[in-house]
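Analysis of the macromolecular model
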Amino acid sequence: MVSLGTLPLLQACGDGSARESDVNNPVVEMNDQLQFAPGHLTIRAGQTVTWRNAGAMVHTSTCNPATAQRPEHAVLPEGAAPWDSGLIRQGESWNRRFDVPGEYTYLCTPHESGGMIGSLTVEA
Ligand SMILES: [Cu+2]
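The following refers to the structure shown. Note that this is a predicted model, so its numbers are computed, not measured. (Residues numbered from 1 in each chain as written. Predicted model: local features only at pLDDT ≥ 70, side-chain atom pairs only at ≥ 80, totals over all residues. Heavy atoms only, no water.)

Examining the packing of aromatic side chains
In the structure shown here, the tally under the stated rule is nine aromatic pairs. Between F36 and Y106, the ring centres sit 4.6 Å apart and the planes meet at 65°, which makes this aromatic pair edge-to-face. A residue pair is termed long-range when its members are at least 10 positions apart, and F36 in strand β2 (residues 36–37) and Y106 in strand β8 (residues 102–107) qualify at 70 residues. The pair F36 / Y106 is uniform in exposure class, with both members buried. (Phe/Tyr/Trp six-rings, centres within 6.5 Å; stacked < 30°, edge-to-face > 60°. Helix = DSSP H or I, 4+ residues; strand = E, 2+ residues; numbered from the N terminus. Buried < 20%, exposed > 50% of the residue type's maximum accessible area, 1.4 Å probe, protein only.)

Okay, here's the thing in C-alpha cells:
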C-alpha cells in the first residue's frame, strides 16, 4: 500500500496561513459556529494535532469520559489517556500528540450541549 505520509509534500505557498490541515501539521479550527473544523480528522500514530481558536468564543479540546455530559461524546481507545486543553481563547492554539491508534471522540466543554463534538482516527 502506498502511504501518502511518506511522499514529499508540496510546499505551502501564498501567505502561509494554511487553513486546511496538511499531512504533517494537522490543524483543527474551532469557530463561532460551535464546530471543530474538520469535524473528523485522520492522522497517523505519533502525529501532533493542533487545535486553533479561529473565532471569538472560548473553546476547549477535551476528552474525558469522567467529566463528559454524555459518554458517547468522550471516547478513547484502550490505553489512551484523557486530555483537556483548558480554555483556548481567540487566536490561541493548543496541541497534543497521539501515539495510541484508534477512534477518538472529543468535545468542547463549554459547548458540549451545543453539539461541539469532534472525532479523530489515529492509524497505526
Ligand atoms: Cu466550544
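Let's talk about the environment of R96
The topology assignment puts R96 in strand β7 (residues 93–97). Between the alpha carbons of R96 and D84 there is a distance of 9.7 Å; along the sequence they are twelve residues apart. Here A81 takes part through its backbone oxygen, which lies 3.0 Å from a polar atom of the side chain of R96. (Polar contact = N/O pair within 3.5 Å; in protein donor to acceptor, adjacent residues only side chain to side chain.)

Examining the pattern of salt bridges
In the structure shown here, the tally under the stated rule is three salt bridges. Note that E29 and R52 form a salt bridge whose closest N and O atoms lie 3.1 Å from each other. Of this pair, E29 sits in strand β1 (residues 27–30) while R52 sits in strand β4 (residues 48–53), placing them 23 residues apart in sequence. Residue D99 pairs with R97 through a salt bridge whose shortest N-O separation is 2.8 Å. (Salt bridge = Lys/Arg side-chain N within 4 Å of Asp/Glu carboxyl O.)

Regarding the coordination of the copper ion
Only H59 (ND1), C108 (SG), H111 (ND1) and M116 (SD) from the protein coordinate the copper ion, and they sit 2.0 to 2.5 Å from it. Relative to the metal, the four donor atoms surrounding the copper ion lie at angles of 93 to 129°, and the coordination shape comes out tetrahedral. Along the chain, the residues donating to the copper ion fall in the pattern H-x48-C-x2-H-x4-M. Across the pair, M116 and H111 agree in class, each one buried. (Donors = N, O, S within 2.8 Å, 3.2 Å for Na, K, Ca; no water. Tetrahedral: all angles 85-135°; square planar, octahedral: opposite > 155°, others 65-115°.)

What about the nonpolar core?
One finds F36, V49, W51 and F98 to be the most contacted residues of the largest nonpolar core, which totals 21 residues. Counting residues per element, the ones that place at least two in this core are β1, β3 (40–44), β4, β8 and β9 (117–123). In terms of residue count, β8 provides more of this core than any other element does, three residues in total. Excluding its chain neighbours within four sequence positions, the residues that come into contact with F98 are I43, R44, A45, G46, Q47, V49, W51, W83, Y104, L120 and V122. (Core = buried A, V, L, I, M, F, W, Y, C linked by side-chain atoms within 4.5 Å. Contact = heavy atoms within 4.5 Å.)

Considerations on the sheet that holds β7
Taken in spatial order, the four strands of this open sheet run β2-β1-β4-β7, and their pairing is mixed. Each having just a single partner strand, β2 and β7 make up the two edges of the open sheet. (Pairing = 2+ DSSP bridges.)

Details of the pairing of β1
The side-chain alternation of β1 yields two buried faces, one formed by V27 and E29 and the other by V28 and M30. Relative to β4, β1 runs parallel, the two sharing four bridges. The partner of V28 across the bridge, within β4, is W51. Note: β1 against β2, two bridges, orientation antiparallel. Within the sheet, the bridge partner assigned to M30 lies in β2 and is F36. Between the antiparallel neighbours β1 and β2 lie five residues, among them L34 with a positive phi of about 60°.

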